[in-house]
Amino acid sequence: FKSAKVRRALTMLLERQRIIDDIYRGFALPLHGPAHPDSPSFTPEINKYAVPYDPSRARKLLAEEGWKDTNGDGVLDKDGKPFKFTLIIASGSPEYETVANLVKNSFAQAGIDVMISNLEWSVLLQKTERLQFDAVILGWRLGLEDDPYQLWHSSQTVEKASNFCYFVNKEADRLIEAGRRELDEDKRKKMFQRVQQIIAEEQPYTFLFVEKRTIAIDRRIQNVEFKLPGPETDRWWVPRALQKYKQQ
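Attention here is on the structure that accompanies the text.

Rules used throughout
- Residues numbered from 1 in each chain as written.
- Predicted model: local features only at pLDDT ≥ 70, side-chain atom pairs only at ≥ 80, totals over all residues.
- Heavy atoms only, no water.
- Pairing = 2+ DSSP bridges.
- Helix = DSSP H or I, 4+ residues; strand = E, 2+ residues; numbered from the N terminus.
- Contact = heavy atoms within 4.5 Å.
- Axes fitted to C-alpha atoms, helices over the stretch in contact; angles between N-to-C directions.
- Core = buried A, V, L, I, M, F, W, Y, C linked by side-chain atoms within 4.5 Å.
- Buried < 20%, exposed > 50% of the residue type's maximum accessible area, 1.4 Å probe, protein only.
- Polar contact = N/O pair within 3.5 Å; in protein donor to acceptor, adjacent residues only side chain to side chain.
- Right-handed = clockwise from strand over helix to strand, strands pointing away.

### Let's talk about the sheet that holds strand β6 (residues 135-136)
Taken in spatial order, the three strands of this open sheet run β5-β4-β6, and their pairing is parallel. If you trace the sheet from one side to the other, it starts and ends with β5 (113-119) and β6, each paired once. Packed on one face of the sheet, helix α4 (residues 94-108) meets β4 (84-90) and β5 and runs near 165° to β5. Sheet strands touched by helix α5 (residues 121-129): β4, β5 and β6. Its angle to β4, the strand with the most contacts, is close to 130°.

In structure tokens:
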């Protein structure tokens, strides 16, 4: 996983649109970087860095990095070491289990052996915090104000921090530190957008998707609008003719 070219190849092996269509029934959006599409600091430029589903190209990238099946056992190897790793997921999530199996099957076709380990949430969290894992499927729920420091600054690669993938990039560090000190919103936004681009280039994560909200609202209610922070319920109202309840 130390090679950006290998990480890019792994992303190319995974058909993320299939995950969205078959597992989440279309109730998700593809994700190509570390910011939510509705975030104020999200940059549409990130789509230029989107990694396509391209198994053929992925195999070529792996071969360029020296990963080849030299002994004919169906598994890629390099310097005598097979391309084999364990993917941990939280037990009790049918969706994550299905995604993990899709990862396993997709990677197997390219000669990569993935073993899936279902763990109780507390055990999985302990292993990730202690950096005792090869790969993990997780989701982040972040605040509206993007601050990449916790997830992406090199100082956060220690145990009990959140840079689990050990992402270290000097330019990203410099921009994150400068952005946290910058009071001009537009300047800070540009800095953090550049951080997004660096992360998309480096592919420390294989970014998968953002789930869509599925919420039912009575049609009597007017002025319903949802934003990233949530619904503005104080702006909702019901026409008098459709009101059913009276304040006591």
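### A word on the nonpolar core
Counting 33 residues, the largest nonpolar core has I19, F83, L87 and I112 as the members making the most contacts within it. Sorting elements by how many residues they give to this core places α4 first, with five residues. Apart from the residues within four sequence positions on either side, L87 is in contact with A100, V103, V114, M115, I116, S117, A135, V136 and I137. Judged by nonpolar contacts, the second largest core, of 15 residues, contains F167, A172, F192 and V210.

### What about the side chain of S106?
Structurally, the position occupied by S106 is in helix α4. Relative accessible area serves as the criterion here: at 13%, S106 is assigned to the buried category. A polar contact is formed between the side chain of S106 and the backbone oxygen of L102, at a distance of 2.8 Å. Ignoring sequence-local partners within four residues, the contact set of S106 consists of L13 and L14.

### Quick word on the pairing of β4
For β4, the buried fraction is high: five of the seven residues fall into the buried class. In this sheet, β5 lies alongside β4 in parallel orientation, the contact comprising seven bridges. Looking at the pairing, F85 lines up with V114 of β5. Handedness of the crossover joining β4 and β5 through α4: right-handed. Relative to β6, β4 runs parallel, the two sharing two bridges. In the strand pairing of β6, L87 is matched with A135.

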